[in-house]
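Each chain, written out:
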Amino acid sequence: GGSLTKLAYYSTVQHKVARVRSFDHSGKDIENEPLYEISVQEEITARLHFIKFENTYIETCLDFIKDHLVNTETKVIKATGGGAYKFKDLIEKKLGLKVDKEDVMTCLIKGCNFVLRNIPHEVFAYQKDSDTEFRFQTNHPNIFPYLLVNIGSGVSIVKVETEDKFEWIGGSSIGGGTFWGLGALLTKTKKFDELLQLASKGQHTNVDMLVKDVYGGAYQTLGLSGNLIASSFGKSTTADKEFSKEDMAKSLLHMISNDIGQLACLYAKLHNLDKIYFGGFFIRGHPVTMRTITYSINFFSKGEVQALFLRHEGYLGAIGAFLKGAEQDNPNQYSWGENYAGSSGLMSTSPDVYPMQRTRSGTFDMLEMDRLERPLVNLPLLKDPSTYIPDTVDLTDDAMARKYWLTCFEEALDGVAKRAAASQPDSVDALERAEKFRQKYWNKLQTLRQQPFAYGTLTVRSLLDTREHCLNEFNFPDPYSKVKQKENGIALKCFQSVIESLDSLGWEERQFALVKGLLAGNVFDWGAKAVSDVLESEPQFGFEEAKSKLQERPWLEDSYSQWLERLKEGPPHKCALIFADNSGIDIILGVFPFVRELLSRGTEVILACNSGPALNDVTYSESLIVTERIAAMDPVIQSALREEKLLLVQTGSSSPCLDLSRLDKGLAVLVRERKTDLVIIEGMGRAIHTNYYAALKCESLKLAVIKNSWLADRLGGKIFSVIFKYEVPCK
Amino acid sequence: PVFPWFGLDIGGTLVKLVYFEPKDITAEEEEEEVENLKSIRKYLTSNVAYGSTGIRDVHLELKDLTLCGRKGNLHFIRFPTHDMPAFIQMGSEKHFSSLHTTLCATGGGAYKFEQDFRTMGDLQLCKLDELDCLIKGVLYIDSVGFNGHSECYYFENPTDAERCQKLPFNLENPYPLLLVNIGSGVSILAVYSKENYKRVTGTSLGGGTFFGLCCLLTGCSTFEEALEMASHGDSTKVDKLVRDIYGGDYERFGLPGWAVASSFGNMMSKEKRESVSKEDLAKATLITITNNIGSIARMCALNE
């Protein structure tokens, strides 16, 4: 680009993953052996990196590339932007690679499509005078068509219809270069950022002729307000008056923003488009320009069109160039996930916090995206994928909740770091890494306190996910592996007695006992502070005790009677999809007896567990071992497995929460094939922090025990209050 | 109506005055004519400049016109809006109010200065809507023609300096038409018939912007001066052209190398800022504003 070099590269990253493997138990003393073997292995995954250099440091950038070009077959480097021409020789000489120049706009749009598809909360609208200046949009399943208005030196207006089809439909020469060039002439201020600073302090009404300057008030017959600009610079039509730099810069900014907004609206109207994304260096993270463009679009479209911006806008060209180079690998067939640990957030817009950063023109300094092993898709049972929002509370919006949760995560951090270190007793540097993790996550939390919008909408889920990413970053792939192993072992030993006692109950009593078991199992969650305190001080805290802690009916949210009625009166469900929560007591003594009952009713069950570890949540590989062991004890489970009436799948996620719009494709296919008509979501992370309001096309059951007193209080209950939400979609 | 016949358009920058000078005054009329009226007629028709800023555009004068059954000449006079107080003062000194004429006025100033006309000049303005007047004026002036020529014209081959020529345009069946009125700011009207029209949009980048920016960039003090400078400048030194970025045409988008990619874009560079003349800057300002108006007008035409 004109002032920054944006680099996108793809690498393999070696990191540690926790694996579980079943022991060969033949002829061994099963009683005293652990259930399965845990090993930490090196795994190689693919990651996309994006990094920025100032053009002044192009040599540093090239050194950086050189250092990273090891053991690679790379012969060609794809480049786009003006610098692709300017630095071509330097790049070729220094790196010994051939520079392949790619069309700027093609790259821009390729990059744009990529981020729109792969990064949640990529898009935001700017709102003035609001507590949260950025309003993030959920990813729409269909991103096309849209209008991309790129404001660089000039303005390009491009209509994008499909992945490969786009058309330059217009443009304007009045753009960022006009602001900069004309601004420099008028104010003798050389730098773009300084011009913006001037503009943010100026009064345009001293330079512009307003409607009221012409009419003495509003032009009422046309409904034009008196404060509207009738003529930009209309008051400077005199040789004998001085105007302040600030005022002129502000007037110029308004003139250019309004003009671009007007043209964008005219083009949107002509082509019947309602989504306009703005990008280019004029916009790039500058609140001043986002504000004036937003105002202009709102004014000229009479509120019908919204000006939208992109978090990673500065990287679009680099991403696109990379994708062009990687076409043979077909990167679009994969799903990608933003790595919160390796990405820096959106620049602060609060001048008090980071006065230095404010003048920088980059929205992002670093971005990392992990290639996910399997593609992610919507759950086919979502009622309306385009309006589905996984998260229950938007913490960027809700200042009180934000304060609470950030403090909560801060307070829990020492414990998490301690447990992480303790999980690797044989590692010499575990303590050191745990401290590094603690520091990194602590810094992220501080950033989020100042800039809640740094990574998109702030939610409990994003806080949890960020923590997981940071743990992984410092090679703590699964701090709970041993805890889970132990709990799974203990719980398996109790399985048969639990089943026996359940079988001895009458039908109606049993249904209630099953639900209570499911809820009680859910109390065992190392993720929630209140419970981890109890568990660490009273290790004997058992299943029965957990049951006794549960709130008595009527529960805080209680549609148990309707559920019971449904079981009693209705036909058995065709197939139930269950999103499991914790390892140990939860999955083995809570979920499995419930699964068993469903199977006995003739309902098929798809049991979905996380692909990767998060807290003490049961992973897919753990669930395979656990299920195998249960099957060995229980003929119902055994035959269901054999007849493929009980199916184990992975969710595609490694989060303690659940985003139903990003699930493993295999799961989605199975859900459709088996005609799933019941979805069961359990646990705070999956059923309360996320999906509490998720509307599905089929019957659903959301259950959880609230193990956080603040949240319980907010929902109008006490700690250990029970949520039992049975929902039937309206016909 | 009784003489004198005036029409006044008080804009943001300029006041436009039309005066009908009857040429068919009978001896009888002349005798009855009050001194004031005679002196006003004499003052307006025998001068081409009034005070230090008033100008009569002699070249625009419409001769031998018949208006409301009277024959005469139509004069076009203009002066800056900031001299409005002096104008009202003069009207007061010449006892304009004693003539009992209705002073028809439009433009924003008809509202803004209404009070001043009443208190300083003892004159009651007849305020008329700007856009109504605009359309009436366009249709009228085209119907009478310009001293035997067509009022409306266009440029053929506008992008080819050699072959570019001004040609008359026949406005016989004008509707629907887009009317782009470029004053200090710009209003764009879609006109479907004499009575049926709407304001489509407008832009604040208009004549006032050209003049205002020229004053700041070149230190000029009149609109004429600004235009004169612009006619001698070279905007390609100031603007960044497509060829400055791509080395030639940008074929992907069908953009010719000579098209402006970024107005004032070369001015981002210090060296280039130091090497351009005032004339170049004036020309670039003109090109920027006119291209932009053209672009918006085209989009409006398409949308409407």
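These numbers come from a predicted model, not from an experiment.

Below, the discussion takes up helix H22 (residues 635-642) of chain A. At the N-terminal end of H22 of chain A, a side-chain oxygen is found 2.8 Å from the backbone nitrogen of Val636 of chain A, two or three residues along, and the residue is Asp634 of chain A. After H22 of chain A finishes, the residue Glu644 of chain A shows a positive phi value of roughly 55°.

Across the boundary between the two partners, chain A contributes 51 residues, which contact 56 residues of chain B. For the pair chain A and chain B, the two sides together bury roughly 4,400 Å², of which 65% comes from carbon and sulfur. Contact with chain B buries area across many residues of chain A, yet Trp168, Leu185 and Tyr215 of chain A alone supply 13% of it, more than any other trio. Viewed at the interface, chain B and chain A are joined by one salt bridge. Residue assignment for the side of chain A that touches chain B shows that the elements contributing at least two residues are helix H4 (104-118), strand E9 (166-172), helix H5 (176-187), helix H7 (211-215), strand E11 (229-231) and helix H8 (245-270) of chain A. Among the elements that make up the side of chain A that touches chain B, the one with the highest residue count is H8 of chain A (nine residues).

Residue and element names in this part refer to chain A. The seven strands are arranged E17-E24-E23-E22-E18-E19-E20 in an open sheet whose pairing can be described as mixed. On the outer flanks of this sheet lie strand E17 (557-558) and strand E20 (646-650), each paired with one strand and no other. The sheet contact formed by strand E18 (residues 575-579) and strand E22 (residues 678-682) spans four bridges and is parallel. Of the residues in E22, the one forming a bridge with Phe579 is Ile681. Strands E17, E22, strand E23 (699-706) and strand E24 (721-727) of the sheet are contacted by helix H19 (residues 560-569), whose axis makes an angle of about 45° with E24. Most of the contacts of helix H20 (residues 585-600) go to strand E19 (residues 604-609), to which it runs at about 155°, and overall it touches E18, E19, E20, E22 and E23.

With that settled, the discussion passes to the side chain of Glu313 of chain A. By the element assignment, Glu313 of chain A lies in the loop between strand E13 (306-310) and helix H10 (316-325). Side-chain polar atoms of Glu313 of chain A contact the backbone nitrogen of Gly280 of chain A, separated by 2.7 Å.

This next bit is on the confidence of the model for chain B. Residues and elements named next belong to chain B. With 100% of its residues at a pLDDT of 70 or more, chain B has an overall mean of 92. Helix H9 (residues 242-246) is the least confidently modelled element of chain B, averaging 84 in pLDDT, while helix H11 (residues 278-303) averages 97, the highest of any element. Both confidence scores are given for the complex: pTM 0.83, ipTM 0.93.

Looking now at the packing of helix H1 (residues 58-68) of chain A against helix H3 (residues 88-95) of chain A. All names here are of chain A. The contact between H1 and H3 brings their axes to 10 Å, and the two run at 35°. In the packing of H1 onto H3, the handedness of the crossing is right-handed. Between H1, through Ile58, Glu59, Leu62, Asp63, Ile65 and Lys66, and H3, the contact on the second element is made entirely by Leu90, Ile91, Lys94 and Leu95. Here the residues of the contact of H1 with H3 are counted per class, giving six nonpolar, no polar and four charged.

All names here are of chain A. For chain A, the domain assignment lists domain 1 (2-118 + 314-372), domain 2 (122-206 + 242-309), domain 3 (397-467) and domain 4 (478-725). For domain 2 and domain 3, the distance between their C-alpha centroids amounts to 36 Å. Contacts between the two partners involve six residues from domain 2, matched on the other side by six residues from domain 3. Here domain 2 meets domain 3 over a buried area of about 540 Å², counting both sides, of which 56% is carbon and sulfur. Our count for the contact surface shared by domain 2 and domain 3 stands at one salt bridge.

Calculation criteria
Residues numbered from 1 in each chain as written. Chains lettered and ligands numbered in written order. Predicted model: local features only at pLDDT ≥ 70, side-chain atom pairs only at ≥ 80, totals over all residues. Heavy atoms only, no water. Polar contact = N/O pair within 3.5 Å; in protein donor to acceptor, adjacent residues only side chain to side chain. Helix = DSSP H or I, 4+ residues; strand = E, 2+ residues; numbered from the N terminus. Contact = heavy atoms within 4.5 Å. Buried area = accessible area lost by both parts, 1.4 Å probe. Salt bridge = Lys/Arg side-chain N within 4 Å of Asp/Glu carboxyl O. Pairing = 2+ DSSP bridges. Axes fitted to C-alpha atoms, helices over the stretch in contact; angles between N-to-C directions. pLDDT = per-residue confidence, 0-100. Left-handed = near helix turned anticlockwise from the far one by under 90°. Nonpolar A, V, L, I, M, F, W, Y, C, P; charged D, E, K, R; others polar. Domains from an automatic or database assignment.

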